Amino acid sequence: MSSLNEPVQQLADHLFRNESKKMVSVLTKIFGIENLEAAEDVVQDTLLQAMNVWKLKGIPNNPSGWLFRVAKNKAIDVIRRNKYSVQFDFSDNEKILLTSEYTLAATMENFWKEEFIKDDLLRMMFACCHPEISKENQITLMLKTLCGFSTAEIAKAFLTNEGTVSKRLYRTKEFFRQHKIKLVIPSIDEIKNRTDSVLNAIYLLFNEGYNSTNSEELIRKNVIAEAMMLCKLLTENDHTQQPEVFALMALMCFHSARSDSRLTAEGEIILLPMQDRKKWNSRLIDQGNEYMNKAAFGNIVSAYHIEAAIAYEHCSAKFFKDTNWKRILEYYEWLCSISPSPINELNKNVAFMELYGAEKALKELQLINNKKKLETYYLYHSLLGEIYSRIHNLSAAKEHFETAMRLTHSETERNLLKNKILVLLN
Amino acid sequence: MKEFLLLFRGGETEMADQSPEQSQAHMQRWMHWMTELGKQGKFVGAQPLAKTGKTITGDKKVVSDGPFMEGKEIVGGYLICKANTYDEAIEIANGCPLLEYNDGIVEVREVHELKM
């Protein structure tokens, strides 16, 4: 692709990411998830052919039409080769028509209709987030199949090696092969739980992009965009329009609205108090608001609702000093009661510190149960470092910042902490 | 449920005389007929056959080109369906678009279970 010019290159990248998730979903529906590999191969071959032909002839008028047409023909070849293969299951009343030359092309055409694709994408999401697949494998699979990431890109995002990623993918695909999982939209009884799993995976994915604790760039914009796109699909599909879905969407809008202000040009972290709020994306904040309104139904308030409300408090404060810490603290107290976790406790403590000062915050922090778990967490030490520096206990502050540096995986975080130590010593 | 083989013969000359739009519409009716069978769970398989072929005869296994029959005798394709009786199978066969042509022939043959 390097010989396409820059704007064309970007269009192609974006188009390829978008269209490959649709193509993989339809093909997996046709071939069965036990043949996910075959579906991915067709998509790969299609994109490769596009690159080669478009390089010479330019991008066609209807690029996605072009891609779909080529993919359909390749799929027909796969069907012809595998008509009698034990790996492929044609027992379905519609799929059986794929085995007849009379009906192969027309049936294939039917599977690719626009109106079916959104549901196919949804089925694919549910399959990737199957409850018997581990959380890491869920995200790895979603990134690979639905977000168009290569194994190399996934390895980079999680600071692991390609071999590990490949092994994860292999094991997940083995699981599909052995259990012949059907691609379905879960039944009414199951859909709430299954959607929760998908939301969980999407949120983990978003956090990977947003915080990138495991990679060198702090903000992986592609990962964020993909997480938001997947959630948007859920907001648009009748089956999955739960309040939590809209709340998570709002939360991601509010967080990503601040993306441009979180790093310097050199890639260093800028903390909340110092962020240039003029760089915050007001359109995203408005969208977040719209989603918050849409989330306000049903009788359950989820953790996503509360986190979104907190994010909104930050987004709506014109300056850091205008932040409504009292309300934020109330929200954190609520959050900690419905979703107790070390990270929520720490974030609550930050709000407490802003409201009541570092000394009181230190006392509060020491009241937390289950400190053993916290002590392995770099943010705990980073917070203690901040608290101790505010009460002018410089040696304790330095010690905790150094511990935090050892515990974090992120180069950018380490640099931030290093700078905090330098500030102390001056 | 038994299985019935439908053999398609004839219709060649009339098919050749059709305009592209008519051909298109005709093919869609084949598609529709088979899809309906699929939905009812009665479709087992179907394939069109090339017009040329080979014939092997006798214990000397003589291979010759052919069969060379008149258009209306050569088998153009087949479909296997599920049905309980001949009457049901005939009702299925009645839906075959080949029968829109005067010289279209659908032969209906029950698959015979061999007693070993």
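What you see as residue numbers is a count from 1 along each chain, following the sequence as written. Whichever chain is written first becomes A and whichever ligand is written first becomes 1, with later ones labelled in order. Local features in this predicted model are restricted to residues whose pLDDT is 70 or higher, and side-chain atom pairs enter the listing and the counts only when it is 80 or higher, whereas totals over whole chains, interfaces and linings include all residues.

A. The arrangement of the overall build of chain B in detail. Working definition: helices are DSSP H or I runs of at least four residues, strands are E runs of at least two. Numbering for both runs from the N terminus. Secondary structure assignment for chain B yields three helices and six strands. If you list the helices and strands of chain B from N to C, you get β-α-α-β-β-β-β-α-β. Counting only C-alpha atoms, chain B reaches 45 × 45 × 20 Å along its principal axes. Buried means a residue has 20 or more other C-beta atoms within 10 Å of its own C-beta, exposed means 12 or fewer, and partly exposed covers the counts in between; C-beta atoms are placed from the backbone. Across the 116 residues in chain B, those meeting the buried criterion constitute 18%. Remark: residues whose backbone-derived C-beta atoms lie within 7 Å of one another are considered to be in contact. If you take every contact in chain B between residues at least 6 apart in sequence, the share linking residues at least 24 apart comes to 76%.

B. Quick peek at the overall build of chain A. Regarding its fold elements, chain A presents 20 helices and zero strands. Taking 426 residues into account, the globule formula puts the C-alpha radius of gyration at 22 Å, and chain A, at 24 Å, falls close to it. Dimensions along the principal axes, computed over C-alpha positions, put chain A at roughly 80 × 50 × 40 Å. Sequence-distant contacts in chain A: of pairs separated by 6 or more residues, those separated by 24 or more amount to 63%. Throughout, the radius of gyration refers to the C-alpha atoms, and the reference size of a globule is 2.2 Å times the residue count to the power 0.38.

C. Geometry of the sheet that holds strand β6 (residues 105-110) of chain B. Residues and elements named next belong to chain B. Any two strands between which DSSP finds at least two bridges are classified as paired. Taking strand neighbours across the sheet as the criterion, the four strands line up as β2-β5-β1-β6 in an open arrangement whose pairing is antiparallel. Each having just a single partner strand, β2 (43-48) and β6 make up the two edges of the open sheet. Ignoring strand direction, the axes of neighbouring strands in this sheet form an average angle of 15°. As judged from the six bridges shared by strand β1 (residues 2-9) and β6, these two strands associate in the antiparallel manner. In the sheet register, Leu 5 faces β6, and the bridge partner there is Arg 109. In this analysis, axes come from line fits to C-alpha atoms, helices being fitted only over the stretch in contact, and the angle between any two N-to-C directions falls in the range 0 to 180 degrees. The strands touched by helix α3 (residues 86-94) within the sheet are β1, β5 (75-83) and β6, with β6 carrying the most contacts at an inclination of about 150°.

D. Spotlight on helix α20 (residues 411-425) of chain A. Residues and elements named next belong to chain A. In this model α20 runs 21 Å from its N-terminal to its C-terminal C-alpha over 15 residues, within 8% of the 21 Å that 1.5 Å per residue would give. Of the residues making up α20, those classed as buried are Thr 412, Glu 413, Leu 416 and Leu 417. On an axial view of α20, the arc spanned by its buried residues comes to 140°, and they lie on one face. Opposite the buried face of α20, by more than 90 degrees, sit the exposed residues Leu 422 and Leu 425. Turning to α20, the residues buried within the fold contact α18 (378-390) and α19 (394-407). Given a helix with a known number of residues, its expected span is that number minus one, times 1.5 Å. The reported arc concerns the directions from the helix axis to the C-beta atoms and nothing else.

E. A look at the confidence of the model for chain B. Residue and element names in this part refer to chain B. pLDDT is a residue-level measure of predictor confidence that goes from 0 to 100. Averaged over chain B, the pLDDT score is 91; the fraction of residues at 70 or greater is 97%. Averaged over each element, pLDDT in chain B is lowest for helix α1 (residues 12-16) (82) and highest for α3 (97). For this predicted complex, the interface confidence comes out at an ipTM of 0.92, alongside a pTM of 0.84.

F. A look at the interface of chain B and chain A. Tallying the contact residues gives twelve residues for chain B and ten residues for chain A. Elements supplying a minimum of two residues to the side of chain B that touches chain A: α2 (20-39) and β2 of chain B. The dominant element in the side of chain B that touches chain A, judged by the number of residues it contributes, is α2 of chain B, at six residues.

G. Representation of helix α15 (residues 342-356) of chain A in the model. All names here are of chain A. Its 15 residues place the ends of α15 20 Å apart at the C-alpha level, agreeing with the 21 Å of an ideal helix rising 1.5 Å per residue. Among all positions of α15, only Glu 345, Asn 347, Lys 348, Asn 349, Ala 351, Phe 352 and Met 353 are buried. Residues of α15 that are buried sit in contact with α14 (325-338), α16 (358-366) and α18. Within two residues after α15, Gly 357 carries a phi angle of roughly 95°, on the positive side.

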